[in-house]
Protein chains: 2
Amino acid sequence: MLRVDWKNINFGDYKPITELKTMKPYVLGVDIGGTNTVFGIVDTRGKVIASSSIKTQKHANFDDYLDELYTEATRLIETNDAVDKIHGIGIGAPNANYYTGMIEHCVNLPWGTNLDLAGRVSEKFGIPCAVTNDANAAALGEMTYGAARGLKDFIMITLGTGVGSGIVINGQVVYGHDGFAGELGHLVVKRNNGRLCGCGRTGCLEAYCSATGVARSAREFLEIRTEPSLLRNIPIEDITSKDVYDAAMAGDKLAKDVFDYTGTILGEALADMTVFSSPEAFILFGGLAKSGELLMRPLREAMDKSMLDVFKGKPKVLLSELKEADAAVLGASALGWEAKGL
Amino acid sequence: MLRVDWKNINFGDYKPITELKTMKPYVLGVDIGGTNTVFGIVDTRGKVIASSSIKTQKHANFDDYLDELYTEATRLIETNDAVDKIHGIGIGAPNANYYTGMIEHCVNLPWGTNLDLAGRVSEKFGIPCAVTNDANAAALGEMTYGAARGLKDFIMITLGTGVGSGIVINGQVVYGHDGFAGELGHLVVKRNNGRLCGCGRTGCLEAYCSATGVARSAREFLEIRTEPSLLRNIPIEDITSKDVYDAAMAGDKLAKDVFDYTGTILGEALADMTVFSSPEAFILFGGLAKSGELLMRPLREAMDKSMLDVFKGKPKVLLSELKEADAAVLGASALGWEAKGL
């Protein structure tokens, strides 16, 4: 028999407690990435009951992709005794718009523009579906099951290949007028002579404080400076952020300087974000967030130094509490609790 | 007999229409500035029925100040047949905190720190009172009576001696975790070699795009450049933003360049703010906002050039629709509709 511990549920602020008792006990979280689509059945406590995946790029036609997703997810639901127990489907996907349910113009997915993702999925499954972008899903996941439980004002920063963000104010994700708010990876941190960013502009936070940004900084430092470095043993174009981390942990001065540089830029950016919404905390997620004091010491120093007096010492910097393997599905699933109607 | 046109009221989103019929027809708006305290009786349409003022600095003791405010405001209320018709009192004051009702640490007012402004005023008048800072009050005023009627996501930028801001998301002013959110005048726009700002840091938006910032830019340009300029007829330390405006309108190249410089920095900053909350509009208020195309042309060009693709062409830039003489009282009064309890 299924037992749910109703007393200890935390959905953040967006779900009145009176609605809980009529809810079905699971949600389906779907994370559509450029390579894999991962999906899982999640309970109210944030436990991933079961998960599976399909290849995102296998089908050039969206109908075929949807058929496979439906077949595989249904198999997972049946195997885990979850038929008629799915409250909603939450999907995290690049450029997905919470308001419209559409993927509007995404270059990483093969199915063209203006795709009615939420509509088609909810129709196919007969279950309400809501969508948002990856970073907003991460923020919802953290608020529902992770480090942001109980927080009403926080900013999630995802430090991956790029830099993403999800902003929560008064317990609600900020979607903005058009559904695309919270692109803090594209705050301009170097106005002059900034690096070219993937967005086509220059000087964005993402060009410095992502995993690729760290590798670029290492290459720049190696070219400008003459000192010896462990990183000189690696062909310069092959250097990854992991290489820089390993070298820094082995005591390499140049590699440590790269982390100082990265942490300083991120700390200054977090101070700038604070004058906007004065969050209680920033929550860092992604590979780079696991660099420990290499990143956190310069980050805290720069943040404190750059902080406007009235906010000094106030915003905390926390690390995500979601397991990386589950985080994308958990984040997407959190949105499933919000999905309404059909 | 008092007649109120209930069909055409717009309070923004924060006041359910069902509450309106039980409301008293007026609010008292109080704007506490460093020099003058202006107060007025305002109706639901944003008409200032009557207003008056007292000197803020006259009383070193807050009790004495409060006595005079009470005496003078009561006289105004009685004279205008508004006794028992005041729904609430809204106060805009530097550093006033919406959550606590307190003025916490303000250097411009003579009454010390941790002043329970909302509590003392509501007790004295027997009318609910709410407080916020000047720029948030301006945003509320614009949403209730001005250019932001019907907008749920906008950012108010006040261009005065300093640069203030009030951010509205989902129809609600953003106060942040501590009540002090929305200090966009202190976004860092020049990270290296930036100008010293009144806040003690360097490179803030306020140091460039305020009235004083424009005067500083003119002085810098006059010192660095050798070309003739009408501004060279004025002792350099006496130059004001009004002088720069007059010279630019008379065709002075250097003065026009100052506006180009100012508008460009502001436009870039508005593009940066857009990645945060993707507002439907920015609303500009204050003397500098009335510089017309001198400011608006470079502002629009820089904003468009710096805008992340997904937001290009989306946020509008509007000018305040509140009369400058009434704006402070109107803004503060808008908060009076929200005031609750005693």
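This text gives an overview of the structure that appears in the document. Model, not experiment: these values are computed from the prediction.

1. Here's the deal with the sheet that holds strand S10 (residues 316-319) of chain A
Residue and element names in this part refer to chain A. Spatially, the 5 strands line up as an open sheet ordered S8-S7-S6-S9-S10, and their pairing is mixed. Strands at the two margins of the open sheet, each flanked by one partner only, are strand S8 (172-173) and S10. With 6 bridges connecting them, strand S6 (residues 154-159) and strand S7 (residues 163-169) associate as antiparallel partners. Looking across to S7, one finds that Leu159 is bridged to Val163.

2. What about the pattern of salt bridges?
Residue and element names in this part refer to chain B. Throughout the structure, instances matching the rule amount to 41 salt bridges over all chains. Among the ionic pairs, Glu68 bridges to Lys58, the shortest N-O distance being 3.6 Å. Remark: Lys58 occurs in the loop between strand S3 (48-55) and helix H1 (62-79) and Glu68 occurs in helix H1; sequence separation between them is 10 residues.

3. A word on the environment of Ser278 of chain A
Along the chain, the position of Ser278 of chain A falls in the loop between helix H8 (253-277) and strand S9 (281-285). Separated by 32 residues in the primary sequence, Ser278 of chain A and Asp246 of chain A have C-alpha atoms spaced 35 Å apart. Other than its neighbours up to four places away in sequence, Ser278 of chain A contacts Phe311 of chain A together with Gly176, His177, Asp178 and Ala181 of chain B.

4. Details of unusual backbone geometry
Outside of glycine, negative phi angles account for most residues, and trans bonds account for most peptide bonds. For Asn193 of chain A, which is not a glycine, the phi torsion comes out positive at approximately 55 degrees. Position of Asn193 of chain A among the secondary structure elements: in the loop between S8 and helix H5 (206-209). Phi angles above zero are rare outside glycine, and Asn114 of chain B is one such case at about 50 degrees. Within the element layout of this structure, Asn114 of chain B appears in the loop between strand S4 (86-92) and helix H2 (117-125). According to the relative accessible area criterion, Asn114 of chain B is exposed, its value standing at 51%.

5. Let's talk about the interface of chain A and chain B
Taken residue by residue, the interface counts 38 residues in chain A and 38 residues in chain B. Contact between chain A and chain B buries roughly 3500 Å² in total, counting both sides, with carbon and sulfur atoms accounting for 58%. When the area that chain A buries against chain B is broken down by residue, the three leading residues are His177, Arg191 and Phe276 of chain A, summing to 22%. Remark: the boundary between chain A and chain B carries 6 salt bridges. The salt bridge involving Lys314 of chain B is made with Asp178 of chain A; its shortest N-O contact spans 2.7 Å. Elements with a contribution of two residues or more to the side of chain A that touches chain B: S7 and H8 of chain A.

6. Concerning the packing of H1 of chain B against H2 of chain B
Residues and elements named next belong to chain B. The contact between H1 and H2 brings their axes to 11 Å, and the two run at 45 degrees. In terms of their interaxial angle, H1 and H2 are classed as oblique. Between H1 and H2 the crossing geometry is right-handed. Contacts between H1 and H2 pair Phe62, Asp63, Leu66, Asp67, Leu69, Tyr70 and Ala73 from the former with Leu117, Arg120, Val121, Lys124 and Phe125 from the latter. Each residue belonging to the contact of H1 with H2 can be placed in one class, and the counts come to 8 nonpolar, no polar and 4 charged.

7. Structural notes on the relation of the copies chain A and chain B
Once chain A has been moved 0.0 Å along the axis and rotated by 180 degrees, it coincides with chain B to within an RMSD of 0.0 Å. What we have between these two chains is a two-fold relation. The fraction of interface residues of chain A whose copies in chain B are also interface residues reaches 100%, indicating that both copies meet through the same surface.

8. So, the pairing of strand S9 (residues 281-285) of chain B
Residue and element names in this part refer to chain B. Among the 5 residues of S9, 5 are classified as buried, and the element is accordingly described as predominantly covered. Side chains Ala281, Ile283 and Phe285 of S9 all project onto a buried face; the interleaved residues Phe282 and Leu284 project onto the opposite face, where all are buried too. When strand S6 (residues 154-159) meets S9, the two strands line up parallel, connected through 5 bridges. Following the sheet pairing, Ile157 is matched in S9 by Leu284. As defined by bridge partners, S9 adjoins strand S10 (residues 316-319) across 4 bridges and the pair is classed as parallel. Across the sheet, residue Phe282 finds its bridge partner in S10, namely Val317. With respect to chirality, the unit in which S9 leads through helix H8 (residues 293-306) into the neighbouring parallel S10 is right-handed.

Rules and cut-offs
- Residues numbered from 1 in each chain as written.
- Chains lettered and ligands numbered in written order.
- Predicted model: local features only at pLDDT ≥ 70, side-chain atom pairs only at ≥ 80, totals over all residues.
- Heavy atoms only, no water.
- Pairing = 2+ DSSP bridges.
- Helix = DSSP H or I, 4+ residues; strand = E, 2+ residues; numbered from the N terminus.
- Salt bridge = Lys/Arg side-chain N within 4 Å of Asp/Glu carboxyl O.
- Contact = heavy atoms within 4.5 Å.
- Buried < 20%, exposed > 50% of the residue type's maximum accessible area, 1.4 Å probe, protein only.
- Buried area = accessible area lost by both parts, 1.4 Å probe.
- Axes fitted to C-alpha atoms, helices over the stretch in contact; angles between N-to-C directions.
- Parallel < 35°, antiparallel > 145°, perpendicular 65-115°, else oblique.
- Left-handed = near helix turned anticlockwise from the far one by under 90°.
- Nonpolar A, V, L, I, M, F, W, Y, C, P; charged D, E, K, R; others polar.
- Least-squares fit on C-alpha atoms with pLDDT ≥ 70 in both.
- Right-handed = clockwise from strand over helix to strand, strands pointing away.

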